[in-house]
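Analysis of the macromolecular model
Here is what each chain is made of, one letter per residue.
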Amino acid sequence: MAVKEFEKPILKEYTPIPELVEEATSHLAPFKSKEEFQKSLGYPGELVENWQEVALGKMGDLLKKYRSLRVYMDSCIQCGACTDKCHYYLGTKDPKNMPVGRQNLMRGVYRKHFTLPGKFFPKLVGAVDLTKEVLDDWYSYYHQCSQCRRCAVFCPIGIDTAEISMAAREIMDSVGVGQKYCNEIIGKANKIGNNLGLPKPALADTLEGLEEDVEEETGIDVKFPLDVKGADVLLITPSADFFAEPHVDGLIGYAKVFHEAGMSWTLSSYASEAANFGMFIGSYDNMRKLALRIRQAALDLGVKRIVFGECGHAWRVAYSFLNTLAGPFDFLDPRYPVPQHICEVTHDLINKNILKFDKSANDGKVITFHDSCNVARASGMGDVMGGQFSLPRDIIKATTNNFYDMDDDTIMEKTFCCGGGGGLLTDDLIELRMKGAQPRMEALKRVVEDHGVTHMAAICAICKSQFSKAFQYYGFELDQIISLHQLVGDALIMTKK
Amino acid sequence: MPIEVNGKSFETDEEGYLADLSLWEKDLATAMAKEDDIDLTADHWDIINFLREYYEEYQIAPAVRVLTKAVGKKLGKDKGNSKYLYELFPYGPGKQACKFAGLPKPTGCV
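The structure displayed is predicted, hence computed values, not measured ones.

1. So, the interface of chain A and chain B
In this assembly, 33 residues from chain A lie in contact with 22 residues from chain B. Contributions of two or more residues to the side of chain A that touches chain B are made by helix H11 (180-192), helix H12 (200-218), helix H13 (240-243) and helix H22 (461-473) of chain A. Element by element, the count of residues in the side of chain A that touches chain B is highest for H12 of chain A, at seven residues. A breakdown of the residues in the side of chain A that touches chain B according to their chemical character gives 21 nonpolar, six polar and six charged.

What follows is the structure, encoded as structure tokens:
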């Protein structure tokens with residue numbers, strides 16, 4: 001496809017801190033959302049006439065509503081600790097992709113319009129007017145942030161650039177400047193129930209096909225139930241799990257786990273999506289609307305538990321916000337956390353000795369694990385501190401013989417984003433995505449060379465799709481990225497017919 | 001950017017996907033492929049035709065598994081996999097083949 005040529009990063013042993021190249025990626029900006037997608041989400045269809053007034057009004061609202069945003073605007077001491085922590089800065093060399101550079105795009109406007117020194121002595125404090133040029137910069141650079149929060153780990157004050165990016169996107173949506181990829185997708189999820197726009201008959205046909213495949217492969221009648229009333233577990237999983245590879249192998253893994261554990265479960269055609277892009281655009285209302293579909297499906301199907309499949313930001317929304325967005329969930333079985341991650345379910349079943357594995361089934365593979373940013377830095381798992389790191393690794397070690405972690409500075413809470421998170425997994429940002437993947441690719445290359453790693457497992461649909469592309473770009477093979485639950489499914493000893 | 005084929009002009013979206021799929025014709029697919037430096041062979045057409053048939057029935061492109069299975073059944077198991085499809089459509093069977101077939105681009109985390 002016609003993608004403009006851009007300089008390909010060369011992978012090094014460690015990611016060097018690049019020399020600055022001013023405006024290196026100022027040409028990058030995703031396609032703008034069309035009027036129909038904007039309106040369906042309650043936003044103006046195009047840039048409104050009095051956009052400055054509306055934008056500043058919205059910014060004022062957000063500063064009141066989210067005290068954190070005001071603290072982030074006020075408290076940066078420009079110390080520089082964050083500057084080399086963003087994968088997009090490391091990959092693009094553009095100083096506006098340094099977290100502080102990105103924050104300052106909003107901070108300048110904040111100082112001008114919301115602080116006294118900025119009103120009276122703008123030049124002294126870097127205060128700027130919200131001009132069309134500034135808005136264009138916002139659109140470009142707030143869509144070069146994957147909201148991964150790695151910078152926040154290193155910020156001595158704890159400033160979360162992701163929240164600033166979310167606020168900026170919401171302000172832009174409120175004046176009619178939205179991003180096509182996110183807003184079209186939210187519209188589809190509202191209308192059809194998932195980001196792909198996969199209608200029920202297609203979903204049913206796909207699931208039926210998977211039942212045939214698994215039966216052919218294992219001789220066991222593993223079901224992929226859809227809209228089954230009275231099932232115990234409602235599985236909410238990213239629609240990519242139905243559609244794409246390697247995602248689907250993860251879905252097969254979940255189904256095998258449920259089957260072997262004798263659990264009754266179902267998918268829902270009404271809530272056939274775990275992803276919640278409302279978060280990426282910073283819109284509480286849109287996030288809530290999407291989350292309420294899950295509540296509705298759980299009520300309609302009369303389930304007792306809700307379990308989430310492998311989706312990074314969905315788990316942030318689920319773990320951190322689901323109860324306040326769509327609760328209370330007092331109709332579910334109180335003996336289980338609401339909601340649960342599929343890794344928690346599998347881990348628990350392993351601990352109880354209900355699942356048994358033949359690790360040699362995965363002996364052809366040497367595994368490393370990519371911590372997905374929203375799971376790593378915005379959630380937890382199980383009832384132990386750092387469970388979001390230890391549970392997936394425990395599962396890998398229970399199902400394989402060969403596991404090596406990547407460099408300490410690139411995993412767990414310091415994990416590098418895949419390069420496609422936060423609503424940037426779109427072809428119009430392919431240059432940014434490939435450049436942003438560089439730090440992760442360098443860390444991977446090292447374990448490939450040092451330990452013979454053959455496959456990287458992940459628990460996020462975005463990561464998996466992004467790596468499918470980035471792996472080919474950087475000279476790895478497409479199928480070296482796998483779903484964590486593929487390892488589970490392949491090694492699981494199936495005793496129940 | 002509209003594409004000109006046989007003296008006719010076809011509207012597309014920013015990414016080159018046909019705006020109105022009812023207007024699709026074979027020469028358009030050939031022209032779109034040419035822009036991506038691909039000469040469509042019988043192998044490509046097998047996939048494109050399947051995509052169109054599936055879309056007709058389900059209003060969505062088939063999942064990769066559905067596609068590989070159908071290809072495997074028709075052309076033999078050695079071809080029923082993503083690698084084969086990527087050889088034909090290097091930018092990904094889901095996206096590039098859909099474009100040539102006149103279908104909308106699959107959206108989401110894919």
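2. Digging into helix H21 (residues 438-451) of chain A
End to end, H21 of chain A covers 20 Å across 14 residues, agreeing with the expected 20 Å (1.5 Å per residue, within 8%). Check the buried side of H21 of chain A and you find it contacts helix H4 (87-92), strand E5 (367-369), helix H20 (430-436), strand E6 (455-458) and H22 of chain A.

3. Considering the packing of helix H3 (residues 67-75) of chain A against helix H10 (residues 161-174) of chain A
Residue and element names in this part refer to chain A. At a minimum axis distance of 10 Å, the contact between H3 and H10 shows a crossing angle of 110°. The angle between H3 and H10 places the two elements in the roughly perpendicular class. Relative to H10, H3 is oriented so that their crossing is left-handed. Contacts between H3 and H10 involve Ser68, Leu69 and Tyr72 on the former and, on the latter, Glu163, Ile164 and Ala167.

4. Quick notes on the environment of Cys98 of chain B
Residues and elements named next belong to chain B. Looking at the element boundaries, Cys98 is found in helix H5 (residues 93-100). Residues Cys98 and Ile60, 38 residues apart in the sequence, show an inter-C-alpha distance of 10 Å. Once residues lying within four places of it in the same chain are set aside, the contact partners of Cys98 are Leu51, Ala61, Leu103, Lys105 and Pro106.

5. So, the pairing of strand E1 (residues 233-236) of chain A
Residues and elements named next belong to chain A. Residues Val233 and Leu235 point to one face of E1 and Leu234 and Ile236 to the other, with burial holding for every one of them. Bridge count between E1 and strand E2 (residues 265-266): two bridges; the pairing is parallel. Within the sheet, the bridge partner assigned to Leu234 lies in E2 and is Thr266.

6. Focus on the domain arrangement of chain A
Residue and element names in this part refer to chain A. Domain parsing of chain A yields domain 1 (35-178) and domain 2 (186-491). Between domain 1 and domain 2, the C-alpha centre-to-centre distance is 30 Å. Where the side of domain 1 that touches domain 2 is concerned, the elements lending two or more residues are helix H1 (35-40), H4, helix H9 (150-154) and H10.

7. Looking at the nonpolar core
In globular proteins that are soluble, nonpolar side chains generally tend to be buried together. Formed by 173 residues in total, the largest nonpolar core has its most connected members in Phe243, Phe308 and Ala458 of chain A together with Leu51 of chain B. The element best represented in this core is helix H16 (residues 312-326) of chain A, accounting for eight residues. When residues of this core are assigned to domains, at least three map to each of domain 1 (35-178) and domain 2 (186-491) of chain A. In contact with Leu51 of chain B, not counting residues within four places along its chain, are Ala61, Pro62, Ala97, Cys98, Ala101 and Leu103 of chain B.

8. As for the sheet that holds E2 of chain A
Residue and element names in this part refer to chain A. Reading across the sheet, the four strands line up as E2-E1-E3-E4 and stay open at both edges, with parallel pairing between neighbours. Each edge of the open sheet is held by one strand with a lone partner, namely E2 and strand E4 (340-341). One ladder, built from four bridges, connects E1 with strand E3 (residues 305-308); its direction is parallel. Across the sheet, the residue bridging to Leu235 is Val307, located in E3.

About the thresholds
- Residues numbered from 1 in each chain as written.
- Chains lettered and ligands numbered in written order.
- Predicted model: local features only at pLDDT ≥ 70, side-chain atom pairs only at ≥ 80, totals over all residues.
- Contact = placed C-beta atoms within 7 Å.
- Helix = DSSP H or I, 4+ residues; strand = E, 2+ residues; numbered from the N terminus.
- Nonpolar A, V, L, I, M, F, W, Y, C, P; charged D, E, K, R; others polar.
- Expected span 1.5 Å × (residues − 1).
- Axes fitted to C-alpha atoms, helices over the stretch in contact; angles between N-to-C directions.
- Parallel < 35°, antiparallel > 145°, perpendicular 65-115°, else oblique.
- Left-handed = near helix turned anticlockwise from the far one by under 90°.
- Buried ≥ 20, exposed ≤ 12 C-beta atoms within 10 Å, placed from the backbone.
- Pairing = 2+ DSSP bridges.
- Domains from an automatic or database assignment.
- Core = buried A, V, L, I, M, F, W, Y, C linked by C-beta atoms within 7 Å.

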